[in-house]
Amino acid sequence: MWHHGLNPDRLHARRVFLLRTVSLSNTSFIMIHTNVKKKFSCIVLVCLLFAIICVWKEKKKGGDDESLHLNSKGFRILEDLKKLTVGSISQSASSGSIQDPLRENQDLSRLRGSSNAKIQTSHLVWNKDSSSRNLVPRLQKIWKNYMKMNKYKVSYKGPGPGVKFSAEALSCHLRNRVNVSMVEPSDFPFNTSEWEGYLPKENIRTKTGLWGRCAVVSSAGSLKSSQLGQEIDDHDAVLRFNAAPTVNFQRDVGSKTTIRLMNSQLVTTERRFLKDSLYNEGILVVWDPSVYHSDIPKWYKNPDYGFFENYKSYRKLHPNQPFYILKPQMPWELWDILQEMAPEEIQPNPPSSGMLGIILMMTLCDQVDIYEFLPSKRKTDVCYYYQKFFDSACTMGAYHPLLYEKNLVKFLNLGTDEDIYLLGKATLPGFRSIRC
């Protein structure tokens, strides 16, 4: 007898019905899974569009940030998007594992690896080919005004702009062309009775000896909350600028000061200079801009700031503290190389204290780590970590050819983009360690 009294024809018909039902169920499942994938793709596209719009708005808000191809907020958005993408695909893979769980897991692993690789290697930082096009309109106008003023009577007749160097050739070019030296007691008019006993008798290179690893610490506002203090203090020597303090900021900038490089304006006009203990530590170096390539006698008659009397007063108060005056030719020798390699004409004003300090330490050290000269992910328009003064020119430059100085440092950097992005640290070779 047939099962439940069903004849063969009716049993066959029921089997066909059941198979069609199963087939329709599978088709429905596939359609549902396909719809989920489509919806997920739409979500990813919307998130990508949102991230792009956010990054664009940030760039528009601070147009001078264009030299940083990806600011920190945009970077965080992309990181969040990566997590969202991986998490959503993981859920999709779980729902579809009935079809081919092995293949889904392999695809997910490949996607995770690809996403992590992109995020970890995309530390996009300062572009070494930056030009005046990267400046916001306000700074472009200032840049053009300084070009017209030509206060220091610059008449550059060298090669360039746009001369191409290898990193090694540029390092040798700097070492051979930029004479980092201090005014000496034998230089006129410092060899007269009026100056007798004021200038240090010992050469600065003899005084400092041979340093291995050195740190140049900018005064940038982005150093705040960096927690780099211990790393900075671990160097053999540390250079700081102008009135940059360490007290109350040790966690971020360290406490060691081996050399302090100051501009003549501070020495001339800062009332605290003769009294503040901030300046009593380490070796002091002051510099003053001269007319383009003036020798010492011409510069002495017409300094940018008449700091000489305050210099003497300080030396009377602290006769045992080394206090040097940078020769006026050195900044313009450096400026010539900046103009030579720049993609266009640059401001006819002397380099910044920051760039002068970098070259000074490259002369005295085997390796120079520079902090927040090239901006990190903490980049801000706050000029100094110890003041609340906002100006984008402190990063991009206005008076000084700062933009082109950063190009040079980025070009010579021996470190990684990750070090710049996370720590604001660039590493340059000392002149003693290069072979020319």
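See the structure above.
The structure displayed is predicted, hence computed values, not measured ones.

Asker: Can you break down the sheet that holds strand 4 (residues 283–287) residue by residue, with the values?
Answerer: Each strand in a sheet pairs with another by means of backbone hydrogen bonds, the pair being arranged parallel or else antiparallel. Taken together, seven strands build an open sheet; the order of strands is 5-4-3-2-1-6-7 and the sheet is mixed. In this open sheet, the two strands that pair with only one neighbour each are strand 5 (323–325) and strand 7 (425–429). Neighbour-to-neighbour, the strand axes of the sheet open up by a mean angle of 20°, direction not taken into account. Where helix 15 (residues 402–412) meets the sheet, it contacts strand 6 (365–371) and strand 7, and its direction lies at approximately 70° from that of strand 7.

Asker: I'd like a rundown of the side chain of Asp369, residues and numbers included.
Answerer: Within the fold, Asp369 resides in strand 6. Among the polar contacts listed, one links the side chain of Asp369 to the side chain of Arg213, at a separation of 3.3 Å. A distance of 2.8 Å separates polar atoms of two side chains, one belonging to Asp369 and the other to Thr427.

Asker: A description of the nonpolar core should follow, citing residues and the corresponding values.
Answerer: In summary, soluble globular proteins display a tendency toward joint burial of nonpolar side chains. Of all hydrophobic cores here, the largest spans 67 residues; its most connected members are Leu174, Ile259, Val285, Ile358, Ile359, Met361 and Val409. Top contributing element to this core by residue count: helix 13 (residues 353–364), with eight residues. Among all residues touching Val409, those that are not within four sequence positions of it are Met355, Ile358, Ile370, Phe373, Leu374, Ala426 and Leu428. Counting 23 residues, the second largest nonpolar core, distinct from the first, contains Phe190, Ala243, Met262 and Leu284.

Cut-offs used in this document
Residues numbered from 1 in each chain as written. Predicted model: local features only at pLDDT ≥ 70, side-chain atom pairs only at ≥ 80, totals over all residues. Heavy atoms only, no water. Pairing = 2+ DSSP bridges. Helix = DSSP H or I, 4+ residues; strand = E, 2+ residues; numbered from the N terminus. Axes fitted to C-alpha atoms, helices over the stretch in contact; angles between N-to-C directions. Contact = heavy atoms within 4.5 Å. Polar contact = N/O pair within 3.5 Å; in protein donor to acceptor, adjacent residues only side chain to side chain. Core = buried A, V, L, I, M, F, W, Y, C linked by side-chain atoms within 4.5 Å. Buried < 20%, exposed > 50% of the residue type's maximum accessible area, 1.4 Å probe, protein only.

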